[in-house]
Amino acid sequence: MKKVGVLGSGVVGRTLADGFEKRGYEVMLGTSNPKKLLDWQSGTNGKVGSFTRAADFGDLIVLAVKGVAAQDIVAQVKVGISDKLVLDVTNPLSEEKSKDGIRKFFTNEDESLMEKLQELVPEAHFVKAFNYFDSKAMVNSAKSKAQIMNICGNEDGAKAEAKEILAQFGFKSKDLGKVEAAREIEQMAISL
Ligand SMILES: NC(=O)c1ccc[n+]([C@@H]2O[C@H](COP(=O)([O-])OP(=O)(O)OC[C@H]3O[C@@H](n4cnc5c(N)ncnc54)[C@H](OP(=O)(O)O)[C@@H]3O)[C@@H](O)[C@H]2O)c1
């Protein structure tokens with residue numbers, strides 16, 4: 001059975017963890033605060049561990065932490081995610097208040113969060129995915145307005161693996177290119 005380490009205990013981490021479990025994967029959810037997940041754990045076979053343990057556990061990784069914390073957390077799990085597919089669901093949302101309903105990013109248009117993460121751990125195979133979909137739609141494509149998901153990343157093998165996984169979740173994938181295409185895909189989350 002394939003193992004997935006889901007880094008992130010928020011609604012996205014929990015929803016995707018459930019989604020992977022339903023599709024036959026063995027799941028460990030990573031958090032710095034396992035008590036937060038007692039409720040989640042009681043309704044599932046999923047395991048809970050630190051970010052590092054969950055990264056070591058997974059054959060593939062889902063990164064679903066708060067954007068402002070992503071670089072610190074990825075630096076912590078560097079060894080565990082090396083040579084693995086990392087489905088990057090994060091968005092570079094700033095902690096500044098949104099203005100007129102428009103959310104603010106801490107990146108500018110010439111950069112993306114995924115480029116920063118890829119630079120931090122060149123050995124990991126980051127693929128942007130799921131980041132501009134509502135969490136419920138991520139695991140139930142019938143509830144999604146779009147059935148095609150834009151992805152990008154440097155490693156062709158990792159993108160092929162990501163495409164197979166997205167197909168299991170009911171999505172077709174459109175490959176927009178290398179890591180720099182994350183600038184466009186992260187911007188798509190601004191209206192989420
Ligand atoms: N919500 C959505 O519908 C949606 C849709 C698409 C993409 N996304 C993206 O997916 C990621 C996860 O979103 P989310 O809504 O599930 O949860 P979130 O609140 O953005 O993130 C929660 C996770 O981030 C970690 N974290 C680290 N430092 C933090 C800090 N200073 N404040 C809060 N959390 C911190 C938490 O750690 P602990 O486990 O240790 O508490 C937890 O695991 C984000 O990057 C978001 O932009 C969200």
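Above this note sits the structure.
Residues numbered from 1 in each chain as written. Predicted model: local features only at pLDDT ≥ 70, side-chain atom pairs only at ≥ 80, totals over all residues. Heavy atoms only, no water.

A look at the environment of Gln 168
Following the sequence through the fold, Gln 168 ends up in helix H8 (residues 156-168). For Gln 168, a relative accessible area of 41% puts it in the partly exposed group. A C-alpha to C-alpha distance of 30 Å links Gln 168 and Asn 33, two positions 135 residues apart in sequence. Residues within four places of Gln 168 in sequence aside, it is in contact with Arg 23 and Tyr 25. (Helix = DSSP H or I, 4+ residues; strand = E, 2+ residues; numbered from the N terminus. Buried < 20%, exposed > 50% of the residue type's maximum accessible area, 1.4 Å probe, protein only. Contact = heavy atoms within 4.5 Å.)

A closer look at the packing of aromatic side chains
Throughout the structure, instances matching the rule amount to five aromatic pairs. Residues Phe 130 and Phe 169 carry aromatic rings whose centres are separated by 5.6 Å and whose planes lie at 80° to one another, so their mutual orientation is edge-to-face. You can see Phe 130 sitting in the loop between strand S6 (125-128) and helix H7 (135-138) and its partner Phe 169 sitting in the loop between H8 and strand S8 (172-175), a full 39 residues away along the chain. Side by side, Phe 130 and Phe 169 carry an identical accessibility label, which is buried. Residues Phe 133 and Phe 171 carry aromatic rings whose centres are separated by 5.2 Å and whose planes lie at 75° to one another, so their mutual orientation is edge-to-face. Residue Phe 133 is located in the loop between S6 and H7, and its partner Phe 171 is located in the loop between H8 and S8; the two are separated by 38 residues in the primary sequence. An aromatic cluster of three or more residues is present, and its members are Phe 20, Tyr 25, Phe 130 and Phe 169. The aromatic ring of Phe 169 is capped on one face by Arg 23, whose charged end is 4.0 Å from the ring centroid. (Phe/Tyr/Trp six-rings, centres within 6.5 Å; stacked < 30°, edge-to-face > 60°. Lys NZ or Arg CZ within 6 Å of the ring centre and 35° of its normal.)

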